[in-house]
Amino acid sequence: GVSTPAQLLPWAQANVRAMNIVGPIAGDRHKLGTTDNGFPWSAKWGKLTDAQLALYYTPELLTATDFLGGDFYDGATNTNAGEPAAGKLANFAAWVARVAPGKPLAVGEWNAVLPVDIHAAWNVLKSGSWAVACLFNSAENNRTDLPAPLGGSWVLRGDRLAAFRTVLDQAGIPGRNP
């Protein structure tokens, strides 16, 4: 369900407390930030306003973080067309630019149903100040209601694997197995 403002503020306060405790221990070697679910930046699923997001992303939380991040998936199932991750990534980057200019961006996990959507997400990722973006390529979070192009698994294969390899080639990332 949707959280109420009264539920969001304690989470923000807890994150600030944790970052203020762990930050001095972590020092400069480690960075601390938040990784949210990407749906608050979804145009299809009720993109939240800056005012709504500010209930959790308080000025104190924005100051305490070294980066802001999220997980960005297509969200498609056999009964729901979903929404490609690229739109959520772009909305998230625009929001961070408004509320915390210059703050590095991170993607905990991302993936897409169609090869074209892998390329679209990559185009957003290479255009911004993304510090890290991890593609989710695992069978650990598979669901029986994933759309047919996924073959019941988020694991890259076939055309989706070829699209991701093209992305890696464009990025000049060495050391991968062809």
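On a predicted model such as this, the values are computed, not experimentally measured, just so you know.

> Break down the overall build of the chain for me, with residues and values.
Scanning the chain for helices and strands turns up six helices and four strands. Along its sequence from the N terminus, the chain presents helices and strands in the succession α-β-α-α-β-α-β-α-β-α. In terms of its C-alpha atoms, the chain occupies a principal-axis envelope of roughly 45 × 40 × 30 Å. Per-residue burial over the chain gives 37% buried out of 178 residues. Restricting the contact set of the chain to residue pairs at least 6 apart, pairs at least 24 apart contribute 69%. When the accessible area of the chain is evaluated, it comes to approximately 9,700 Å², of which 58% is carbon and sulfur surface. Of the charged side chains in the chain, 14 are positive and 14 negative, and the gap between their average positions amounts to 2 Å.

> Before we move on, could you go through a nonpolar patch on the surface and cite the residues and values that matter?
Together, Ile21, Val22 and Ile25 make up an exposed nonpolar region whose accessible area comes to about 320 Å². Tracing the backbone through its elements, the reader meets Val22 in helix H1 (residues 5-26).

> Give a description of the packing of aromatic side chains that names residues and reports values.
All chains considered together, the criterion is met by 10 aromatic pairs. Look at Trp41 and Phe92: their rings are 4.9 Å apart centre to centre, the planes differ by 85°, and that puts the pair in the edge-to-face class. Of this pair, Trp41 sits in the loop between strand S1 (33-37) and helix H2 (50-53) while Phe92 sits in helix H4 (residues 85-99); the two residues are 51 residues apart in sequence, bridging distant segments of the chain. Grouping residues by exposure puts Trp41 and Phe92 together as buried. Here Tyr73 and Phe136 contribute two aromatic rings whose centre-to-centre distance is 5.9 Å and whose plane-to-plane angle is 75°, an arrangement assigned as edge-to-face. In this pair, Tyr73 sits in the loop between strand S2 (67-72) and H4 while Phe136 sits in the loop between strand S4 (130-135) and helix H6 (158-171), placing the two residues 63 residues apart along the sequence. Grouping residues by exposure puts Tyr73 and Phe136 together as buried. Members of the aromatic cluster, connected to one another through ring pairs, are Trp41, Tyr56, Tyr57, Phe72, Phe92, Trp95 and Trp130.

Calculation notes
- Residues numbered from 1 in each chain as written.
- Predicted model: local features only at pLDDT ≥ 70, side-chain atom pairs only at ≥ 80, totals over all residues.
- Heavy atoms only, no water.
- Helix = DSSP H or I, 4+ residues; strand = E, 2+ residues; numbered from the N terminus.
- Buried < 20%, exposed > 50% of the residue type's maximum accessible area, 1.4 Å probe, protein only.
- Contact = heavy atoms within 4.5 Å.
- Areas by Shrake-Rupley, 256 points an atom, 1.4 Å probe, with all protein chains shown as cover.
- Lys, Arg positive; Asp, Glu negative; His and termini not counted.
- Charge placed at Lys NZ, Arg CZ, Asp CG, Glu CD.
- Patch = residues over 30% accessible without salt bridge, like charges linked within 9 Å, V, L, I, M, F, W, Y side chains within 5 Å.
- Salt bridge = Lys/Arg side-chain N within 4 Å of Asp/Glu carboxyl O.
- Phe/Tyr/Trp six-rings, centres within 6.5 Å; stacked < 30°, edge-to-face > 60°.

It is worth stressing that arrangement in space is one thing and function is another; only the former is reported here.
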